[in-house]
Amino acid sequence: MDNIKCVVPCLLGLEGLVADELRRMNIKNVQADNGRVFFTDNYNAVARANICSRYGERVLIEIGNFKATTFSELFDKVEALPWEQWIDKEDEFPVKGSSLNSKLSSVPSCQSIIKKAIVKRLSKKYKIEWFRETGALHQIQFLLMKDNISIMIDTSGIGLHKRGYRANSIEAPIKETLAAAMVNLSHIRSDSTLIDTFCGSGTILIEGAMYALNIAPNINRNFSAEEWNTIPANIWVDERERAKSLINYDCKFQAFGYDIDDYALQLTIENAKKAGVEDRIKVSNRNICDFSEDFEKAAVVCNPPYGERLLDISQAQEIYKTMGKLFESKKGWSYSIISPDDDFEKYFGRKADKRRKLYNGMIKCQVYMYFKSI
């Protein structure tokens, strides 16, 4: 089927990266908005976006978009949508969503109305009154904003940041999609040397390796829509084969992770093995105070502990001071550091060459980038 309108929600600040990567996948009609990116294409594009998106959170198919200010209006317009094109009579179709600045402000009431409207539509089409909902999951999502509602079905299932390699992690790990974005912003290439001085369970290192080798981040996991009768199974097979054909194992990328927690370093190696990049990553127990430049050129990308995460603010600021002294401006070297501290540059000791506002979960952060040599 062509002309399927899809929505890819993403962390605030990543809309441009998501849109650019979708266009590189040759997906059509891509348009970025606040916290989400739209595209209109076919089943292959739906599967490709799920398998290959590094920065998107999930892929939703938009079934309808309209204005609704009363529950009767909401019911009638939802019932009018072609639900039978997507949902079989055995399928499961729970409803969840959110409402912002709208007359229909009660989310539970909207959920109930939408569910009843879908049931009424499908009852007429299938000539049955009771739905067992034991089949494939079709998670219905709605977003009601300023009285305009978007009704969607989630094709992904669990979020796309769940790559499958991080079964275990230490406290407060960075989200995979955000780590991938930092790698992108740091201009990692197939021949780069990547260093994470606070590697934790290895997310930045692994995302860096997968990016450099062009390994699709979700190539080894499954998606809700794979169980649907609507999308032919060969679509998913073809798109996985396409993704595999694009992997570049013949490259010089290498990554080094440092941490003072031996358990974290062990997790990094375990997670790297699950991701298939263990041969590209080396780890060692090293304090930030012992950081030294052992390479002609390298990119340091890190998520240091900070006040709202693992340390109190004064401890975090002492780390920033140490980093500022040891992360020297040097040709061939770059440093990308994410922090929620508005005074980061003050403690680091110099202004960033570039900054990018991103969100780490609900925490507003900046990625401070240093790449100019003195």
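None of these values were measured; they are calculated from a predicted model. (Residues numbered from 1 in each chain as written. Predicted model: local features only at pLDDT ≥ 70, side-chain atom pairs only at ≥ 80, totals over all residues. Heavy atoms only, no water.)

### Notes on the overall build of the protein chain
Here comes step 1: Looking only at helices and strands, the protein chain features ten helices and 14 strands.
Here comes step 2: Taking 2.2 N^0.38 as the reference for a compact globule, 374 residues should give roughly 21 Å; the C-alpha atoms of the protein chain span a radius of gyration of 23 Å, in line with that estimate.
Here comes step 3: Counting all 374 residues of the protein chain, 54% fall into the buried class.
Here comes step 4: Intrachain contacts of the protein chain at a sequence separation of at least 6 include 75% that bridge at least 24 residues.
Here comes step 5: Of the roughly 17,000 Å² of accessible surface on the protein chain, 48% is carried by carbon and sulfur atoms. (Helix = DSSP H or I, 4+ residues; strand = E, 2+ residues; numbered from the N terminus. Rg over C-alpha atoms; globule rule 2.2 N^0.38 Å. Buried < 20%, exposed > 50% of the residue type's maximum accessible area, 1.4 Å probe, protein only. Contact = heavy atoms within 4.5 Å. Areas by Shrake-Rupley, 256 points an atom, 1.4 Å probe, with all protein chains shown as cover.)

### Some details on the layout of surface pockets
Here comes step 1: In this structure, the largest pocket occupies an estimated 630 Å³ of space.
Here comes step 2: Along its surface, the largest pocket is lined by 24 residues, and Pro 9, Cys 10, Leu 11, Gly 35 and Glu 57 are the ones closest to its centre.
Here comes step 3: Of all the elements in the fold, those that place two or more residues in the lining of the largest pocket are strand E1 (4–9), strand E5 (95–100) and strand E6 (139–145). (1 Å grid on protein atoms, 1.4 Å probe; cavity = no way out; pocket = protein on both sides within 12 Å on 5 of 7 lines; lining within 4 Å. Points joined across faces, edges and corners; volume = space filled by probe spheres on them.)

### Points about the sheet that holds strand E11 (residues 298–302)
Here comes step 1: If you trace the seven strands from one edge of the open sheet to the other, you get E10-E9-E8-E11-E12-E14-E13, paired in mixed fashion. Both edges of this open sheet fall to strand E10 (281–285) and strand E13 (354–360), since each of them pairs with a single strand only. When strand polarity is set aside, the average angle formed by the axes of neighbouring strands in this sheet is 20°.
Here comes step 2: Relative to strand E8 (residues 193–196), helix H6 (residues 203–212) is tilted by about 165°, and along the sheet it contacts E8, strand E9 (254–259), E10 and E11.
Here comes step 3: Packing of helix H8 (residues 262–275) onto the sheet brings it into contact with E9 and E10, and relative to E10 it is tilted by some 170°. (Pairing = 2+ DSSP bridges. Axes fitted to C-alpha atoms, helices over the stretch in contact; angles between N-to-C directions.)

### Some thoughts on the pattern of salt bridges
Here comes step 1: Counted by the stated rule, this structure contains 22 salt bridges.
Here comes step 2: Among the salt bridges present, the one from Lys 103 reaches Asp 147, with a minimum N-O distance of 3.3 Å. Remark: Asp 147 occurs in the loop between E6 and strand E7 (148–154) and Lys 103 occurs in the loop between E5 and helix H4 (107–126); sequence separation between them is 44 residues.
Here comes step 3: Residue classification places Lys 103 among the exposed positions, given a relative accessible area of 59%.
Here comes step 4: A salt bridge links Lys 244 to Glu 241; the shortest N-O distance between them is 3.8 Å. Here Glu 241 and Lys 244 lie together in helix H7 (residues 233–245), a separation of three residues that amounts to about one turn.
Here comes step 5: Residue classification places Glu 241 among the partly exposed residues on the basis of a relative accessible area of 46%. (Salt bridge = Lys/Arg side-chain N within 4 Å of Asp/Glu carboxyl O.)

### Some details on the sheet that holds E1
Here comes step 1: Read from one edge of the open sheet, seven strands run E2-E3-E1-E4-E7-E6-E5, paired in mixed fashion. Because the sheet does not close on itself, it has two edges, and the strands there are strand E2 (31–33) and E5. Within the sheet, the average angular offset between the axes of one strand and its neighbour, ignoring direction, is 30°.
Here comes step 2: In this sheet, strand E3 (residues 36–41) lies alongside E2 in antiparallel orientation, the contact comprising three bridges. Following the sheet pairing, Gln 31 is matched in E3 by Phe 38.
Here comes step 3: Contacting E1 and E3, helix H2 (residues 43–52) runs over the sheet at an angle of about 145° to E3.

### Here we look at helix H3 (residues 71–79)
Here comes step 1: Taken together, the buried positions of H3 are occupied by Leu 74, Phe 75, Val 78 and Glu 79. Projection of H3 onto a plane perpendicular to its axis shows the buried side chains occupying an angular sector of 120°, all on one side.
Here comes step 2: Close packing links the buried residues of H3 with strand E4 (60–67), H4 and E7. (Arc of directions from axis to C-beta.)

### What about the packing of aromatic side chains?
Here comes step 1: Within this structure, the stated rule accounts for 13 aromatic pairs.
Here comes step 2: Note on Phe 327 and Tyr 335: the rings are 4.8 Å apart at their centroids and 10° apart in plane angle, and the pair reads as stacked.
Here comes step 3: Judged by its relative accessible area of 0%, Phe 327 falls in the buried class.
Here comes step 4: With a relative accessible area of 1%, Tyr 335 lands in the buried category.
Here comes step 5: One aromatic cluster in this structure is built from Phe 291, Tyr 320, Phe 327, Trp 333, Tyr 335, Phe 344, Phe 348, Tyr 368 and Tyr 370.
Here comes step 6: The positively charged end of Lys 5 is found above the aromatic ring belonging to Phe 38, 5.2 Å away from the centroid.
Here comes step 7: We note Arg 350 situated over the ring of Tyr 370; from NZ or CZ to the ring centre the distance is 5.3 Å. (Phe/Tyr/Trp six-rings, centres within 6.5 Å; stacked < 30°, edge-to-face > 60°. Lys NZ or Arg CZ within 6 Å of the ring centre and 35° of its normal.)

### Examining the packing of H3 against H4
When two helices pack together, their arrangement is captured by the angle between the axes and the distance separating the axes.
Here comes step 1: Viewed as axis vectors pointing N to C, H3 and H4 meet at an angle of 35°, and their least axial separation amounts to 8 Å. As for how H3 packs across H4, the hand of that crossing is right-handed. Contacts between H3 and H4 involve Phe 71, Leu 74, Phe 75, Val 78 and Glu 79 on the former and, on the latter, Ser 109, Cys 110, Ile 113, Ile 114, Lys 116, Ala 117, Ile 118, Lys 120, Arg 121 and Lys 124.
Here comes step 2: Residue classes in the contact of H3 with H4 are distributed as nine nonpolar, one polar and five charged. (Left-handed = near helix turned anticlockwise from the far one by under 90°. Nonpolar A, V, L, I, M, F, W, Y, C, P; charged D, E, K, R; others polar.)

### A closer look at the pairing of E7
Here comes step 1: The element E7 is extensively covered by neighbouring structure, given that six of its seven residues are classed as buried.
Here comes step 2: Pairing geometry for E4 and E7, over seven bridges, is antiparallel. From the neighbouring strand, Gly 64 faces E7, where its bridge partner is Ile 151.
Here comes step 3: The sheet contact formed by E6 and E7 spans seven bridges and is antiparallel.

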